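Descriptive structure summary
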Amino acid sequence: MTNQSEMTNYLQTFVEGMISSGVEQAVISPGSRSTPLALLLHRQAQIETFIEVDERSAAFFALGLSKASTKPVVLLCTSGTAAANYYPAICEANASHIPLIILTTDRPHELRQVGAPQAMDQFHLFQNHVKEFIEMAIPEGTKVMLDYAYWQGMRATDTACQTPKGPVHLNFPLREPLLPDLNRSLVTEKTTEIFAGKKQLSEEQLAECVDVWQGKKGVLVVGGSHTPEEAKIFIELAEMLNWPILSDPLANITSGSKECPLIMSYADLFIQEVDMIQYPEVVIRFGMLPISKNTMLWLQSLNETTTIYFVDETGEWQDQLKQTQVAIQAEEQTFAKAVTDKIKMRTADSWRNQWIDWQEKTEQQLTELSEMKTLNETSASILVHKKMTKNGQLFVSNSNAIRFLDRFSTPKGNHYHLFGNRGINGIDGIISTALGMCATNPDRQNVLLIGDLAMYHDMNGLLLAKRYNLPLTIVLLNNNGGGIFSFLSQRQLKVEDFEPIFGTPIDLDFSLVAQLYGAEYVKAETLEQLELLLEATQKQPKFQLVEVVGDRHENVLLYEKVIDGLKKKLGKK
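In this report, the structure presented in the accompanying data block is examined.

The rules behind these values
Numbers given to residues run from 1 along each chain, matching the order in which its sequence is written. Only residues with pLDDT of at least 70 get local features here, since the model is predicted, and only at 80 or more are side-chain atom pairs given and counted; chain-wide, interface and lining totals rely on the full set of residues. The side-chain quantities take in all heavy atoms of the structure and omit both hydrogens and water. Runs of H or I in DSSP of at least four residues are treated as helices and runs of E of at least two as strands, each being numbered from the N terminus. Note on method: radius of gyration uses C-alpha positions; expected globular size equals 2.2 Å times residues raised to 0.38. Burial classes follow relative accessibility: with a 1.4 Å probe on protein chains only, a residue under 20% of its type's maximum area counts as buried, one over 50% as exposed, and anything between as partly exposed. In what follows, residue pairs with any heavy atoms lying within 4.5 Å of each other are defined as contacts. With residues, only the protein chains shown are counted as cover, and all accessible areas are computed by Shrake-Rupley using a 1.4 Å probe. We treat Lys and Arg as the positive residues and Asp and Glu as the negative residues; His and chain ends play no part in the count. In plain terms, the charge of a residue is placed at NZ if it is Lys, CZ if Arg, CG if Asp and CD if Glu. Stacked, tilted and edge-to-face pairs are distinguished by plane angle, under 30 degrees for stacked and over 60 for edge-to-face with tilted covering the rest, among Phe, Tyr and Trp rings (Trp via its six-membered ring) whose centres lie within 6.5 Å. Charge-over-ring placement is defined geometrically: NZ (Lys) or CZ (Arg) within 6 Å of the ring centre, and within 35 degrees of the ring normal. Cavity means a closed set of points on a 1 Å grid over the protein atoms alone, one where a 1.4 Å probe fits but cannot get out, pocket means an open set with protein on both sides within 12 Å along at least 5 of 7 lines, and lining means a residue has an atom within 4 Å of a point. Grid points are joined across faces, edges and corners, and a volume is the space filled by probe spheres set on the points. Residues are grouped as follows: Ala, Val, Leu, Ile, Met, Phe, Trp, Tyr, Cys and Pro are nonpolar; Asp, Glu, Lys and Arg are charged; every other residue, Gly included, is polar. A pair of strands is labelled paired if DSSP reports no fewer than 2 bridges between them. The axes are straight lines fitted to the C-alpha atoms, using for helices just the contacting stretch, and the angles between their N-to-C directions are given from 0 to 180°. Residues enter a nonpolar core if they are buried and are Ala, Val, Leu, Ile, Met, Phe, Trp, Tyr or Cys, with the set joined through side-chain atoms within 4.5 Å.

1. Topic: the overall build of the protein chain
- What the protein chain contains, in helices and strands, is 21 helices and 17 strands.
- Against the compact-globule benchmark of 25 Å for 573 residues, the protein chain has a radius of gyration of 25 Å, which places it among compact chains.
- In the protein chain, buried positions account for 58% of the 573 residues.
- Here the contacts in the protein chain between residues at least 6 apart in sequence split such that 80% fall between residues at least 24 apart.
- A total of about 23,600 Å² of accessible surface is found on the protein chain, and carbon and sulfur atoms cover 50% of it.
- Within the protein chain, the 69 negative side-chain charges are centred at a point lying 3 Å from the centre of the 52 positive side-chain charges.

Written out as structure tokens, the structure is:
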């Protein structure tokens, strides 16, 4: 058997191992050293492949594919700095528990640290940002090594999918010649079944939780990213307990599954402004803290008379406030369902009614504002939320965009799925991740709500939309700079200090960007025009850029006006 045949058998067997653990998609960035793996993946009928020459964009695209499909996705690149460009997306995947299988190819050991071209140290390249690093053996054709290759492909994929999910990195040293034997059969020859259970509490532990919670004044706080189906489980728990529920936008409790008066979608606006007479006896937190800083400050203000329960399915102790008095290490949905089934006594309506009153007064205040009836970044964001159709997919960028949705959205019964990158909260790779979401379900309404700086950071990703005809509608909130800083303490600086360092105007003509990548371009002039454009995406998705021109200073003035009016409506002195 030739070296070429041995390498082909070894790598193909590895691919078969990944397939047996659930891999169905791969994103490939072309290069020389990765040639054999790229060809074998591309020719494998059981794996859908995407090609993206920009490694940073490729990695975020894979992130989006995995987010939307909830399945492991493979990333492949050549040796050298190619893999280093994966770094931001891998950090995000690790922090947000997304299963990526990163395959980097490398010079063989005899060409390392001797001055060979395109060689760098790829050993533990991503350090603690991956669940595991595996330095693969040089390909051999013996049965022992074929079993080894299959086992590593299967095990690495399964490791990425185990709770807490996350990326796994495998580095492949490959010798020339790099062309595989393409006459070899690519039919899967071996499969392995994997049965896995979920971490859950005993009946006695469940009963103890129910005994303590039922009938008490409590609040549910749900963080992290969840599907609309998972969100429904949390809402049903809140209904059984008769407790208000505060959540992160990406938990899909406001945007997804089910309308319920207990959903406090305006909590970020009112929770620091109300005169709270009754405080909760119990708070149950699921996952990481929501995005709302005001919710965090309110939780932080609670004293020892409130018992804090923290449901932590990852076992990573991601409790930023370090308030936990009872840690529950169990799979969140399994635990929530089990508790819901055991609750026999609801809390008195007086507890929930005060929260519902605050929510309703906030909605009244927003409805009365004339600014909500004209086109601006806030009203545009609310309209995007309202015009998402059932099963539609909305990706929301970090900084201002997700905060507009968090502060001003209310459940509308449209049951769409909201996505975002809130692991590290960066603004890089947003377009590529949204396109990965779109590629998973291209027949649905797919929308991206994004600011101009985040758009600029990832314009290379637009090539994916052009190449694969991905019908993503991009609603661009363009305030010509870093709008988030106008809400932060930096706004106290003089203009000559603030603008170049924090305002950072980029003065780009985004109609030319749309033209470059083959997207339709529309500049929305009125709220009514934007509404018609969004309604059209419900029936006929297409690749288009809809620009909404905003003003950083006006965003702040509107927020301050909302808070001032809310204080009066709530009777706060």
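Back to the text.
2. Regarding the packing of aromatic side chains
- If you walk through the whole model with that rule in mind, you get 18 aromatic pairs.
- Centroid distance Tyr-87 to Phe-126: 5.5 Å. Interplanar angle 75°. Geometry classified as edge-to-face. Taken together, the residues span a long stretch of sequence, with Tyr-87 in helix 5 (residues 87-96) and Phe-126 in the loop between strand 4 (100-106) and strand 5 (132-135) at a distance of 39 residues.
- Cluster of aromatic residues (ring-pair linked, three or more members): Trp-213, Phe-234, Phe-286, Tyr-309 and Phe-335.
- Against the face of Phe-487 rests Arg-407, its NZ or CZ located 5.3 Å from the ring centre.

3. Section: the layout of surface pockets
- Approximately 360 Å³ is the volume found for the second largest pocket.
- Forming the boundary of the second largest pocket are 18 residues, of which Leu-366, Thr-367, Met-372, Ile-382 and Lys-386 lie nearest the centre.
- The leading source of residues in the lining of the second largest pocket is helix 13 (residues 377-386), at five residues.
- Of the residues that constitute the lining of the second largest pocket, the class distribution is seven nonpolar, five polar and six charged.

4. With respect to the sheet that holds strand 5
- Read across the sheet, six strands follow the order 2-1-3-4-6-5 without closing on themselves; strand pairing throughout is parallel. The strands lining the two open edges of the sheet, one partner per strand, are strand 2 (48-51) and strand 5. Put simply, the sheet's adjacent strands are angled 20° from each other on average, direction ignored.
- Taken together, the four bridges between strand 1 (residues 25-28) and strand 3 (residues 73-77) define a ladder with parallel strand orientation. Its bridge partner being in strand 3, Ile-28 is matched across the sheet by Leu-76.
- Where helix 1 (residues 3-20) meets the sheet, its contacts fall on strand 3, strand 4 and strand 6 (168-173), and the angle it forms with strand 6 comes to roughly 170°.
- Lying on the sheet, helix 6 (residues 143-161) is in contact with strand 4, strand 5 and strand 6; it crosses strand 5 at an angle near 165°.

5. Describing empty space enclosed by the protein
- If you walk through the whole model with that rule in mind, you get two cavities of 30 Å³ or more.
- Its volume calculated, the largest cavity comes out at about 180 Å³.
- What lines the largest cavity is a set of 19 residues, among which Ser-247, Pro-249, Thr-254, Ser-265 and Asp-406 lie closest to the centre.
- Class assignment of the residues belonging to the lining of the largest cavity gives a composition of eight nonpolar, eight polar and three charged.
- Of the pockets and cavities examined, the second largest cavity occupies roughly 40 Å³.
- Lining the second largest cavity are Met-455, Leu-462, Ile-474, Val-513, Ala-514, Tyr-517, Ala-519, Phe-543 and Leu-545.
- With three residues, the single largest contributor to the lining of the second largest cavity is helix 19 (residues 510-517).
- Of the residues contributing to the lining of the second largest cavity, the split by class is nine nonpolar, no polar and no charged.

6. Digging into the nonpolar core
- Counting 94 residues, the largest nonpolar core has Trp-213, Phe-270, Phe-286, Phe-335 and Trp-355 as the members making the most contacts within it.
- Ranked by residue count, the leading element in this core is helix 8 (residues 228-241), at seven residues.
- Those residues within four positions of Trp-355 in sequence are excluded, and the remaining contacts are Val-219, Pro-244, Leu-246, Met-264, Phe-270, Ile-271, Met-276 and Trp-298.
- In this structure, Ala-83, Phe-395, Tyr-517 and Ala-519 belong to the second largest nonpolar core, which totals 53 residues.

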